[in-house]
Structure formats: C-alpha cells, structure tokens
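Examining the three-dimensional arrangement
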Amino acid sequence: MHIHLIAVGQKMPAWVDLACADFLKRLPRELQLNTIEVPLLKRGKNPDIQRIVRDESRKVLDAIPAGCSLVALDVKGSRVSTEKLATTLDNWMQQGQDIAIVIGGPDGLSNELLQHADQAVSLSDMTFPHPLVRVIIVEQLYRAWSILNNHPYHRA
C-alpha cells in the first residue's frame, strides 16, 4: 500500500525534513509513504485568492496518482482520533487501497477539490503551520501503525 502526502508548498525548513524522515524510516516496507509537493502560487499585492486556491487545487488534483482514495485535510472536515485513524489505516491496508492525503496551501482547498475527496478530515480546531502539519500527519500514521502492531510507541 502507498500513501501519497500531497502538499502545496516547497522548500520546507530542515526540521520538517528531519522529523518526517525519522518517522518514515520507522514505517514497515508494506506501508510506503511519499511526499509530492505542488508549488505554492505567488500572492502579490491584492491577490485573487479564489483564483489562486482554485489553481493550486487543480494542480493537486493533477498530482494525485490514479486509483487513490482522496483524503483532504480541511478545517471543516470531521475530527478523527488516533485510534480511529488506526482502524482506518487497517481498512486501507486490508483493501490494498492507495491513499492520497492532501494538505492545501495557506488559503485552503477549493470546493472543487473537496467535492472529489472521499473524506475530509480536520486535525484540530486550532490552526497549525503547514510545515508542522506534514510532521503531524507522518507521526500520526506511524502512531496508527504502532497501535495496529501492539508496538509500545503509543501509550495512551
């Protein structure tokens, strides 16, 4: 099974790459996670935010590998506990379904993209910086895997 983390934005701080790499090396071979970065569009003076979000979202849709189930991270999405994520991950692995998890740009995702999503998930009522969201997602996927495999990482 492959999980594709598709994120708007490039050139992440070194700490993001280090943190993600740490969790990625812990994942087993049967759970491959890769990141696909979509360029952030320029936001000049008085930008047309609707157009920018639409264009970024279309680039994200184009980047999704064929046959993937789409999970969009969205502030209005459903809240999912770590345990529920573990159950969901187990279902994905059982079905052999490849997954695309999408992190939008600073202005979010378009309604067009959200309509294509099989699921919309909110990480929290709080707003996180997009680089941190990458780390949170990778860590939570590792934690979900650890729950499924009775690994001591998850102690809650």
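Up top you'll find the structure we're talking about.
Residues numbered from 1 in each chain as written. Predicted model: local features only at pLDDT ≥ 70, side-chain atom pairs only at ≥ 80, totals over all residues. Heavy atoms only, no water.

Section: the pattern of salt bridges
Put simply, the test is: Any Lys or Arg side-chain nitrogen located within 4 Å of an Asp or Glu carboxyl oxygen qualifies as a salt bridge. Starting at the N terminus, helices and strands are each numbered in turn, a helix being any DSSP run of H or I of at least four residues and a strand any DSSP run of E of at least two. Burial classes: relative accessible area under 20% of the type maximum marks a residue as buried, over 50% as exposed, and values in between as partly exposed (1.4 Å probe, protein chains only).
Taken as a whole and judged by the stated rule, the model has 10 salt bridges. A salt bridge links Asp22 to Arg26, with the shortest nitrogen-to-oxygen separation between them at 2.7 Å. Here the residue Asp22 and the residue Arg26 both occupy positions in helix α1 (residues 14–26), the gap between them amounting to 4 residues, near one helical turn. Residue classification places Arg26 among the partly exposed residues on the basis of a relative accessible area of 33%. The salt bridge involving Arg79 is made with Asp125; its shortest N-O contact spans 3.3 Å. Of this pair, Arg79 sits in strand β3 (residues 69–79) while Asp125 is found in the loop between β5 (119–122) and α5 (130–148), placing the two residues 46 residues apart along the sequence. Beyond isolated ion pairs, a larger network of salt bridges with shared partners links Asp22, Lys25 and Arg26.

With respect to the sheet that holds β3
Adjacent strands of a sheet pair through backbone hydrogen bonds, lying either parallel or antiparallel. Operational definition: Only strands that DSSP links by at least two bridges are regarded as paired with each other. A fitted line through C-alpha atoms serves as each axis, taken over the contacting stretch for helices, and the angle formed by two N-to-C directions is quoted from 0 to 180°. Throughout, a residue-residue contact means that at least one pair of heavy atoms, one from each residue, lies within 4.5 Å.
Taking strand neighbours across the sheet as the criterion, the 5 strands line up as β2-β1-β4-β3-β5 in an open arrangement whose pairing is parallel. Looking along the sheet, the strands with just one partner apiece sit at the ends: β2 (32–38) and β5. On average, each strand axis in the sheet is inclined to that of its neighbour by 30°, with strand direction left out of account. In this sheet, strand β4 (residues 99–103) lies alongside strand β1 (residues 2–8) in parallel orientation, the contact comprising 5 bridges. Within β4, the residue paired with Ile6 across the bridge is Val102. α5 rests against β1, β2, β3 and β4 of the sheet, and its axis sits at about 170° to β1.

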